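# Reading the structure
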Amino acid sequence: MEKYALDYSENIEVNGDMQNIRVRAAEKGLPVVLFLHGGPGVCDRHQIMRNHSALAEKYTLVCWDQRGSGKSYTPAIRTQKLSVATFVDDVEFMLEYLTGKFGVRKVAVVGHSWGSIIGTLAVSRRPDLVSVYIGEGQFVDGDSNEAESYRFCLEEAEKRGDKKALKALTGNAPVDGVYASHKAMMTQRDCLSRYGGAIYRGDDGLVKGLLMPLLKSPEYTLGDIAKYARGALYLTDVIWSDVVGQRLGKITRLDVPVAITQGRHDFNTPSALAKKWFDALEAPYKKWIWFEDSAHSPDQEEPDKWRAALDEILSETASVEK
């Protein structure tokens, strides 16, 4: 007997663009959970399927490589006019598609980092299709986000006597969330990774921290990984100014249950900013869960605790829904 009644990957057309989804569930008819990965372009199905398939006993897990990302990348993405709104439209399409395909009224949405931007905006637009919004590495306002993240790296470089990093960072502070060059941004992100502001107990640089889990996963072939890299680099360049131009602080109410699973040491999307937004937010149900041994990705850093928290939130909000 097969372990999962549903366990497949397929391409579907999303607003005129062919995109790939990964589905896993122990049986048909389970509540649907849609995972919105970070980046833009930094897919996480390999992490979700490796660490959290136990959730498939109770839920239909749907991982989606967004437009221009991972398995969904094709060179045609370079001919498209892209913006944050493009991706929010895609999320709305996915919500409609999944409710129809799986015969459910609503879908639980889990948004990580960049996924928390398009997730929050889509949930605000279509609360009728969402049972609960769960944020991780919750983004709020782009300019404040990048200023705080940069400050963390600069202060850590000074504390550690990291002269090479100090030289590279000094004079390259983001202006309104935008770095002077792609190189300046990658320098900051690499320091963030090495200093524990991205993965708290890890000190790998940006490339190694992203690449090694991909190479070890059966979810992506080497060809897929090459597409993944092209997509992530391209999308970051093309829509970054629009990404950091987002001001989710203007969203003061969501008409769905809201839970945030946040790493205490997150300086990619600084936790203090997320907490301030959450505290002021109006919602029919609110839950904040700290992960004391995590930075930006509790689902990877404290997987057992995060999976239990997700299960608890989904169970509690199912009763709220009824």
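Summarised in this report is the structure supplied together with it. (Residues numbered from 1 in each chain as written. Predicted model: local features only at pLDDT ≥ 70, side-chain atom pairs only at ≥ 80, totals over all residues. Heavy atoms only, no water.)

## Side note on the overall build of the protein chain
The helix and strand inventory of the protein chain stands at 11 helices and 8 strands. In terms of C-alpha radius of gyration, the protein chain reaches 19 Å, essentially the compact-globule figure of 20 Å for 322 residues. If one aligns the C-alpha atoms of the protein chain with their principal axes, the spans along those axes are about 55 × 45 × 35 Å. Intrachain contacts of the protein chain at a sequence separation of at least 6 include 74% that bridge at least 24 residues. Only carbon and sulfur atoms are counted for the fraction: they give 52% of the accessible area of the protein chain, which is about 13,600 Å². In the protein chain, the 41 positive side-chain charges and the 45 negative ones have mean positions that sit 2 Å from each other. (Helix = DSSP H or I, 4+ residues; strand = E, 2+ residues; numbered from the N terminus. Rg over C-alpha atoms; globule rule 2.2 N^0.38 Å. Contact = heavy atoms within 4.5 Å. Areas by Shrake-Rupley, 256 points an atom, 1.4 Å probe, with all protein chains shown as cover. Lys, Arg positive; Asp, Glu negative; His and termini not counted. Charge placed at Lys NZ, Arg CZ, Asp CG, Glu CD.)

## Some remarks on the sheet that holds strand β8 (residues 286–291)
Pairing in this open sheet of 8 strands is mixed, and the strands run β1-β2-β4-β3-β5-β6-β7-β8 from one edge to the other. Here the strands that pair on one side only, and so sit at the sheet edges, are β1 (6–14) and β8. Taking each pair of neighbouring strands and ignoring which way they run, the sheet shows an average axis angle of 20°. Bridge count for strand β7 (residues 258–263) against β8 is 6 bridges, and the pairing is parallel. Bridging from a neighbouring strand, Val258 pairs with Lys286 of β8. (Pairing = 2+ DSSP bridges. Axes fitted to C-alpha atoms, helices over the stretch in contact; angles between N-to-C directions.)

## Focus on the packing of aromatic side chains
According to the stated counting rule, one finds 6 aromatic pairs in the structure shown. Arranged with centres 5.3 Å apart and planes meeting at 55°, the rings of Phe278 and Trp288 form a pair that is tilted. In this pair, Phe278 is assigned in helix α9 (residues 271–280) and Trp288 in strand β8, connecting sequence segments 10 residues apart. In this structure Trp288 comes out as buried when scored by relative accessible area, which is 16%. A connected cluster of aromatic rings, assembled from ring pairs, spans Phe278, Trp288 and Trp290. The positively charged end of Lys275 is found above the aromatic ring belonging to Trp288, 5.5 Å away from the centroid. (Phe/Tyr/Trp six-rings, centres within 6.5 Å; stacked < 30°, edge-to-face > 60°. Buried < 20%, exposed > 50% of the residue type's maximum accessible area, 1.4 Å probe, protein only. Lys NZ or Arg CZ within 6 Å of the ring centre and 35° of its normal.)

## Considering unusual backbone geometry
Here the amide bond leading from Gly39 into Pro40 is cis, since omega sits at 10°, within 30 degrees of zero. On the secondary structure map, Pro40 appears in the loop between β3 (32–36) and α1 (45–51). Within the chain, Ser113 stands out as a residue other than glycine whose phi angle is a positive 60°. With respect to the helices, strands and loops of the structure, Ser113 is situated in the loop between β5 (107–112) and α3 (114–125). One non-glycine residue, Asp176, adopts positive backbone phi at about 55°. Along the chain, Asp176 turns up in the loop between α5 (163–169) and α6 (182–194).

## Regarding the pairing of β5
Here β5 lies mainly inside the structure; 6 of its 6 residues are buried. Alternating residues of β5 divide into Val107, Val109 and Gly111 and Ala108, Val110 and His112, and every residue in both groups is buried. Pairing of β3 with β5 involves 4 bridges; the strand directions are parallel. Opposite Val33, over in β5, you have Ala108 as the bridge partner. As defined by bridge partners, β5 adjoins strand β6 (residues 130–136) across 6 bridges and the pair is classed as parallel. Note that in β6 the partner of Ala108 across the bridge is Val132. The handedness of the β5 to β6 crossover, carried by α3, is right-handed. (Right-handed = clockwise from strand over helix to strand, strands pointing away.)

## Some points on the environment of Thr317
Here Thr317 lies in helix α11 (residues 303–321). Once you skip the residues sitting within four places of it in the chain, Thr317 turns out to touch Val132, Pro257 and Tyr285. A polar side-chain atom of Thr317 sits 2.8 Å from the main-chain carbonyl oxygen of Ile313. In terms of polar contacts, Thr317 uses its side chain to reach the backbone carbonyl oxygen of Leu314, at 3.3 Å. (Polar contact = N/O pair within 3.5 Å; in protein donor to acceptor, adjacent residues only side chain to side chain.)

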